[in-house]
Amino acid sequence: MSIWKYANPTQFMRTTRWLLPWLSALAILSVGTGLIWGFFFTPDDFRQGSTVKIIYLHVPSALMAINAWLMMLVTSLIWLIRRHHVSALLARAAAPVGLVMTLIALITGGIWGQPMWGTYWAWDPRLTSFLILFLFYLGYIALWQAVETQDTAADLTSVLCLVGSVFALLSRYAVNFWNQGLHQGTSVPVATGGRTVSDVFFVPLLISMAGFGLMFVVLVLLRTRTEIRARRLQALLARERAAS
Amino acid sequence: MIPDLGKYQGAVLSAYAISLLLITVTVALSLWRARVVKQQLNDAEARAKQAPDTH
Amino acid sequence: MIALLRRDLLLAVRAGGGFGLGLAFFLILCVLVPFGVGPAPATLAKIAPGILWVGALLACLLSLDRIFQLDAEDGTLDLLATSPLPLEGSASVKALAHWLTTGLPLTLAAAPLGLLLNLPAQATPWLVAGLALGTPALSVIGTFGAALTVGLKRGGLLISLLVLPLYMPTLLFGAEAARRGAEGLDATTPLFLMAGITAGTIALMPFASAAALRMNLR
């Protein structure tokens, strides 16, 4: 048995039906543990004070924001090459979740940056590339919603995802160049406060990262099931219209 | 209950509040749409079974 | 290919399609900016490279949805798709026509408009060189955006959302070159990097555009 059997929507639905409750429970458990541990039971950093607790939201969401795009890239490629509908729908289902993750990373970063750097926003390479990633998510979702024919929409968004990935990578390194040229040495992130220190901070962070990953998987599976049902519904409605 | 967050209380609490709110909204929207689509699909399936070939 | 190019150019000039429009927009933008930020020469000189680049980029964006829209409506696009010329070739020619009618005039107009914005004299060659090297990339990437949205009724707004993030690297290097030029520094590094991006996009984007066109026509 290979992974390709899940390209069959029926098989996908059957497997995810019993998988989803378990995964959801696990996701809730680990997100809860990670965040509660991080929020209530970690000491303050001597330099950052209690703002170090924001890391348990910021790092996992940033991680998933990038991973979501990577996952969309892979599923888009699978759709373009092997034309499995489930793959295209997975990409579609992942995009809004990735968008929210990017937003969370940006907002928590800004809130952390205000007391630490003295500003909510700096045109720092990392921040800027995340903003660009946000724009890519917006364009991707808008294109999905604008194209009416579903298969064409899947095709076009897949191509956009491929081209966008190349440009996102290009922008990521282009911004490095730009910022050094613009204001050298200012506002270099010192966001290593939580990660370089002891396990006290690191263990809940790991749990939180795993939790956000599980949460992403659960949401994507749930949304993909919805998309598959929506497809079937459209087909049924079209048949009804044709019959009447 | 809430640990002493010192002078950064506002920042930490708002970060957690906004993030949890965004996550909750995403989950709620996903669940809501899942329920709506499932209901509509069930209705459509029932109709399709009821009148398999009326034409 | 030449015939297609000549036809597109003729259409653009005769029907007033974007040819004068982009330039006029560029001019208006450069006139408006001093009203927005005040007429102080030092301020203007500082932001002039960036304003000129952003203005050129937006002016380029204005005429993008015309690249394929008219052809899709009157069926020319279907003919192009079935013609012996590969669709990649047609997409390249379309991009070239767009550049000749938009990018090239913008490049030529940038130098006199730079005077309006008090652009330092030593920056002008860098700005013009940057625009000459960068606007082809804008046209080629824009053609891809136009190909993605060709079947849509209201593609104009969507195009800007899709294309603007893709313009980012070009804008960044172009404006950086002009800014370094304004400060009297050597700006060849950003120019070379931008030329690399332009060369890469010219080589690869027509394939993506043609793929998107085929998907839309299927």
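My aim in this report is to walk through the structure given alongside it, one point at a time. (Residues numbered from 1 in each chain as written. Chains lettered and ligands numbered in written order. Predicted model: local features only at pLDDT ≥ 70, side-chain atom pairs only at ≥ 80, totals over all residues.)

This paragraph deals with the overall build of chain C. Scanning chain C from terminus to terminus reveals nine helices and zero strands. Over its C-alpha atoms chain C spans a radius of gyration of 18 Å, differing by no more than 12% from the 17 Å that the globule rule assigns to 218 residues. Over its C-alpha atoms, taken along the principal directions, chain C stretches across nearly 55 × 30 × 30 Å. Looking at chain C as a whole, 54% of its 218 residues are labelled buried. Sequence separation of at least 24 residues holds for 82% of the intrachain contacts in chain C that already meet a minimum separation of 6. (Helix = DSSP H or I, 4+ residues; strand = E, 2+ residues; numbered from the N terminus. Rg over C-alpha atoms; globule rule 2.2 N^0.38 Å. Buried ≥ 20, exposed ≤ 12 C-beta atoms within 10 Å, placed from the backbone. Contact = placed C-beta atoms within 7 Å.)

The subject of this paragraph is helix H1 (residues 9–50) of chain B. Helix length check: H1 of chain B (42 residues) gives 61 Å between terminal C-alpha atoms against 62 Å at 1.5 Å per residue, within 8%. Listed as buried for H1 of chain B are Ala11, Val12, Ala15, Ser19, Ile23, Thr26, Ser30 and Leu41 of chain B. (Expected span 1.5 Å × (residues − 1).)

We now examine the interface of chain A and chain B. Opposite the 32 residues of chain A that make contact, chain B presents 28 residues. Among the elements that make up the side of chain A that touches chain B, the one with the highest residue count is helix H6 (residues 199–243) of chain A (13 residues). In the side of chain A that touches chain B, the residues fall into 19 nonpolar, six polar and seven charged. (Nonpolar A, V, L, I, M, F, W, Y, C, P; charged D, E, K, R; others polar.)

Another point: the environment of Ile67 of chain C. Residue and element names in this part refer to chain C. Here Ile67 is to be found in helix H4 (residues 66–74). A C-alpha to C-alpha distance of 8.9 Å links Ile67 and Gly142, two positions 75 residues apart in sequence. If near-sequence neighbours (up to four positions away) are discounted, Ile67 is found in contact with Lys94, His98, Thr143 and Ala146.

The next subject is unusual backbone geometry. Phi at Arg83 of chain A is positive, roughly 55 degrees, even though this residue is not glycine. Along the chain, the position of Arg83 of chain A falls in the loop between helix H2 (55–82) and helix H3 (85–117).

Below, the discussion takes up the interface of chain C and chain A. In this assembly, 19 residues from chain C lie in contact with 21 residues from chain A. Elements with a contribution of two residues or more to the side of chain C that touches chain A: helix H7 (124–148), helix H8 (155–182) and helix H9 (188–217) of chain C. The biggest single contributor to the side of chain C that touches chain A is H8 of chain C, with 10 residues. Taken together, the residues that form the side of chain C that touches chain A break down as 17 nonpolar, one polar and one charged.

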